[in-house]
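Here is how the chains run, residue by residue.
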Amino acid sequence: MAQAVRALWPGGRALTWRLSGRPALGLPAQSRAGLTGAAGGPGPAATTRKGGPRLLGAAALALGGALGLYHTARWHLRAQNLRAELSAAQLSLSSRLQLTLYQYKTCPFCSKVRAFLDFHALPYQVVEVNPVRRAEIKFSSYRKVPILLAQEGDSLQQLNDSSVIISALKTYLVSGQPLEDIITYYPPMKAVNEQGKEVTEFCNKYWLMLDEKEAQRMYGGKEARTEEMKWRQWADDWLVHLISPNVYRTPTEALASFDYIVKEGNFGTVEGAVAKYMGAAAMYLISKRLKSRHHLQADVREDLYEAADKWVAAVGEDRPFMGGQKPNLADLVSVVMSQGAQTKGSVLGVGEAQAGNTYVSQLLRPRGVCLHRLSRA
């Protein structure tokens, strides 16, 4: 545009400088006097030609102002349109999908689901399950939490397993496929674990069921998709197993943790008193077995530190998130770490920095640079 102005008007440099916000240093003194007026009043030359430069100057100002108003109005309308689209999308989603999360507030897997729902601004209701009686989930043959009930129109679907819930909902948000169809992509399968106990596993639980165009739009390449799946599985297979040995490391820490669990959970008065002391004692012993089973170091804090360092090294210095400029599902691991001293959206909520349990502050202090990445999103 500046070149066109110069071609049409020899004094066009003034307009160019005005639009760029810089002073018109390159204008001859005579031109500057014509646009702004000399300090001592107009000289003879300016008096004889005062109409031409001033008229052109006024035209330049008017044109610049008009362009400024145009761009301001354009961006204002664009912002309004984006807000309208987001509001319409959220309203449509709210009307199509009603979510109820059955949980233990301090359960790491339940906390992971809450982190996903909160991050994507999905409205949901919470039902806190009594860990002893579990009457709230008597409707389900699947007896673990989290359980998510999703009402879509006349269709009510039950989603089990935290990773399946996240993958299915993200697929729904990206593709718009009916949730009833999506959950068939994650069939349950009976298996026997290392301890010889029958467990339920879910196929494809780290996959998002997208077509090629949707996957390309979301990930930009196969490497990013593979990386996301790898670190989501790492959180389930390794990181989560570091929590109990650290939270219940000593009798004092175990008791402090169960004091928090009882306060935040759905316990009766007698149940809470029994759970606080018997639960703390049981989990202290169990944490020692878990430490041996997962071959943790003598000081389990070191395993937690190493896990944090491994995550940070994988993200690297060249990107704010593992997803690049925006968080992806693997960045939920960052939520696990960075929100360790909080309860909402925190897998480490049970280890809230409390009297007698200081492992969270020990973890956050040396890793403070990286563990709050997601809060900048």
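Heads up: the structure comes first, above all this text.
Here we summarise the structure given alongside this text.

Reading the values: the criteria
Residues numbered from 1 in each chain as written. Predicted model: local features only at pLDDT ≥ 70, side-chain atom pairs only at ≥ 80, totals over all residues. Heavy atoms only, no water. Helix = DSSP H or I, 4+ residues; strand = E, 2+ residues; numbered from the N terminus. Buried < 20%, exposed > 50% of the residue type's maximum accessible area, 1.4 Å probe, protein only. Contact = heavy atoms within 4.5 Å. Areas by Shrake-Rupley, 256 points an atom, 1.4 Å probe, with all protein chains shown as cover. Salt bridge = Lys/Arg side-chain N within 4 Å of Asp/Glu carboxyl O. Pairing = 2+ DSSP bridges. Axes fitted to C-alpha atoms, helices over the stretch in contact; angles between N-to-C directions. Polar contact = N/O pair within 3.5 Å; in protein donor to acceptor, adjacent residues only side chain to side chain. Expected span 1.5 Å × (residues − 1).

1. A closer look at the overall build of the protein chain
Helix and strand counts for the protein chain come out as 16 helices and six strands. Expressed as a percentage of the 377 residues in the protein chain, the buried residues total 41%. By sequence separation, contacts in the protein chain at least 24 residues apart represent 60% of the contacts at least 6 residues apart. With an accessible surface of roughly 20800 Å², the protein chain has 58% of that area assigned to carbon and sulfur atoms.

2. Quick notes on the pattern of salt bridges
What the rule picks out here adds up to eleven salt bridges. The closest approach of N and O atoms between Asp161 and Lys205, which form a salt bridge, is 3.9 Å. Here the residue Asp161 occupies a position in the loop between β4 (155–160) and α7 (162–175), and Lys205 occupies one in the loop between β6 (198–202) and α9 (212–219), the gap between them amounting to 44 residues. Assigned by exposure class, Asp161 and Lys205 land together as buried. Two residues, Lys205 and Glu201, come together in a salt bridge whose shortest N-O distance is 4.0 Å. Owing to a relative accessible area of 15%, Lys205 belongs among the buried residues under this scheme. Look at the salt bridges and you will find they share partners, linking Asp161, Glu201 and Lys205 into a network.

3. A word on the sheet that holds strand β3 (residues 147–152)
Reading across from one edge, β2-β1-β3-β4 is the order of the four strands in this open sheet, with mixed pairing throughout. Only two strands of the sheet have a single neighbouring strand rather than two, namely β2 (124–128) and β4. Ignoring strand direction, the axes of neighbouring strands in this sheet form an average angle of 20 degrees. Across five bridges, the pairing between strand β1 (residues 98–103) and β3 is antiparallel. Across the sheet, Leu101 pairs through a bridge with Leu148, a residue of β3. Of the strands in this sheet, β1 and β2 are in contact with helix α6 (residues 108–119), which crosses β1 at around 155 degrees.

4. Describing the environment of Asp259
Within the fold, Asp259 resides in helix α12 (residues 251–264). A polar contact is formed between the side chain of Asp259 and the side chain of Lys276, at a distance of 3.1 Å.

5. Here's the deal with the side chain of Ser287
Looking at the secondary structure, you find Ser287 in helix α13 (residues 269–293). Note on Ser287: relative accessible area 2%, which makes it buried. A polar contact is formed between the side chain of Ser287 and the backbone oxygen of Tyr248, at a distance of 3.2 Å. The contact partners of Ser287, leaving out residues within four places of it in the chain, are Ser244, Pro245 and Tyr248.

6. Focus on unusual backbone geometry
If a residue is not glycine, its phi is most likely negative; likewise, a peptide bond is most likely trans. Cis peptide bonds are those with omega within 30 degrees of zero, and the linkage from Val145 to Pro146 qualifies with 10 degrees. Despite not being glycine, Asn204 shows a phi value in the positive range, around 65 degrees. Asn204 gets classed as partly exposed once you look at its relative accessible area, which sits at 36%.

7. A word on helix α14 (residues 300–315)
An ideal rise of 1.5 Å per residue puts 22 Å on 16 residues; α14 measures up with 23 Å between its terminal C-alpha atoms. When α14 is considered as a whole, its buried residues turn out to be Val300, Arg301, Asp303, Leu304, Tyr305, Ala307, Ala308, Trp311, Val312 and Val315. Gly316 lies just past α14 and shows a positive phi near 80 degrees.

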